[in-house]
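# Survey of secondary and tertiary structure
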Amino acid sequence: PQHTALDWRADRPNDQPLLQAIRLPVRNLHQELEPFRRKYEVIIIDGGGRITATARAAVMASDFIIVPILPSKPDLLSTQDFFREVINEVTAVKDIQGAILINQVQTGTLINREVREHLKELHYPVFDTVLHLYVAYKEAMAAGLSVIEYDPKSKAAQEMAAFFHELEEVLN
């Protein structure tokens, strides 16, 4: 509903590699994806951050789920609900893998440590890599670029590259 990926793609400079971003209907998302599965090796579905029909359809159509979470109590509770109401429901029907990605971390904060400890207790898979709260992410988004394209030497680009590497390891 937010069209974040579409807006980002619309802002993408013409001199950058072409990336497709489209909006597909929710009800039959898994069917609509089939032609794209034949054409593309990787498809990223942004299902939004709430428990909605869109999120359920995105999870059902996915092979791997990345669940971003902010280090805060409301986000932790929402993530627990998402696992209970969506992930567990879908895994009863099909095999699905995934992990939580802690995002917008402020180093050294108590809430960051508490969220990590709580996630360990819940036994949800969590990526080792965390993404920090760097302004480069917001600036890259506004420019229609990835953070690696925007500032390849930045800390944000380095941690995104580390996340991609970890994701590749998990997927292989």
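About the thresholds
- Residues numbered from 1 in each chain as written.
- Predicted model: local features only at pLDDT ≥ 70, side-chain atom pairs only at ≥ 80, totals over all residues.
- Heavy atoms only, no water.
- pLDDT = per-residue confidence, 0-100.
- Helix = DSSP H or I, 4+ residues; strand = E, 2+ residues; numbered from the N terminus.
- Phe/Tyr/Trp six-rings, centres within 6.5 Å; stacked < 30°, edge-to-face > 60°.
- Buried < 20%, exposed > 50% of the residue type's maximum accessible area, 1.4 Å probe, protein only.
- Arc of directions from axis to C-beta.
- Contact = heavy atoms within 4.5 Å.
- Axes fitted to C-alpha atoms, helices over the stretch in contact; angles between N-to-C directions.
- Parallel < 35°, antiparallel > 145°, perpendicular 65-115°, else oblique.
- Left-handed = near helix turned anticlockwise from the far one by under 90°.
- Nonpolar A, V, L, I, M, F, W, Y, C, P; charged D, E, K, R; others polar.
- Core = buried A, V, L, I, M, F, W, Y, C linked by side-chain atoms within 4.5 Å.
- Pairing = 2+ DSSP bridges.
- Right-handed = clockwise from strand over helix to strand, strands pointing away.
- Salt bridge = Lys/Arg side-chain N within 4 Å of Asp/Glu carboxyl O.

## Some words on the confidence of the model for the protein
- Residues at a pLDDT of 70 or more form 99% of the protein, whose mean pLDDT is 89.
- Per-element confidence in the protein ranges from a low mean pLDDT of 83 for helix α3 (residues 53-61) to a high of 97 for helix α7 (residues 147-150).

## Here we look at the packing of aromatic side chains
- Inspection of the entire model under this criterion finds 5 aromatic pairs.
- Ring centres of Phe64 and Phe127 lie 6.4 Å apart, and the angle between their planes is 50 degrees; this geometry places the pair in the tilted category. Of this pair, Phe64 sits in strand β1 (residues 64-69) while Phe127 is found in the loop between α5 (110-122) and α6 (135-143), placing the two residues 63 residues apart along the sequence. The residues Phe64 and Phe127 share a single accessibility class, namely buried.

## A few points about α6
- Listed in full, the buried residues belonging to α6 are Ala136, Tyr137 and Ala140. Take α6 and look down its axis: the buried residues cluster within an arc of 105 degrees, on one side only. Seen from the buried face of α6, the exposed residues on the opposite side, beyond 90 degrees, are Val135, Lys138 and Ala142.
- Here the buried face of α6 lies against α1 (4-10), α7 and α8 (155-171).
- Looking at the residues trailing α6, positive phi occurs at Gly144, about 75 degrees.

## Brief notes about α3
- Among the residues of α3, those classed as buried are Ala55, Ala57, Ala58, Val59 and Ala61.
- Those residues of α3 that are buried are in contact with α2 (29-39), β1 and α4 (73-91).

## Overview of the side chain of Arg12
- Within the fold, Arg12 resides in the loop between α1 and α2.
- Every residue in contact with Arg12, bar those within four places of it in the chain, is listed here: Pro17, Leu19, Ala143, Gly144, Leu145, Ser146 and Glu149.

## Topic: the packing of α3 against α4
- Put simply, α3 and α4 touch, their axes get as near as 9 Å, and they point 40 degrees apart. When the interaxial angle is binned, α3 and α4 end up oblique. Helix-helix and strand crossings are classified by hand; for α3 and α4 the assignment is right-handed. Along the contact surface, α3 presents Ala55, Arg56, Val59 and Met60, while α4 presents Phe82, Glu85, Val86, Ile87, Glu89 and Val90.
- When grouped by side-chain class, the residues that make up the contact of α3 with α4 number 7 nonpolar, no polar and 3 charged.

## Remarks on the nonpolar core
- Core analysis: the biggest nonpolar cluster contains 19 residues, and Val59, Phe82, Ile100 and Leu119 have the highest contact counts within it.
- Among the secondary structure elements, those contributing two or more residues to this core are α3, β1, α4, β2 (97-102) and α5.
- Not counting the four nearest positions on each side in its chain, Leu119 is found in contact with Leu76, Ile100, Ile102, Tyr124 and Val126.

## Some thoughts on the pairing of β1
- Taken together, the 6 bridges between β1 and β2 define a ladder with parallel strand orientation. Along β2, the bridge assignment pairs Ile66 with Ala99.
- You can see the chain leave β1, run along α4 and come back into β2, and the turn it takes is right-handed.

## What to know about the pattern of salt bridges
- By the definition in use, this model includes 6 salt bridges.
- Among the salt bridges present, the one from Arg12 reaches Glu149, with a minimum N-O distance of 2.5 Å. One end of the pair, Arg12, is in the loop between α1 and α2; the other, Glu149, is in helix α7, with 137 residues separating them in the sequence.
- With a shortest N-O distance of 3.4 Å, Arg56 and Glu89 are connected by a salt bridge.

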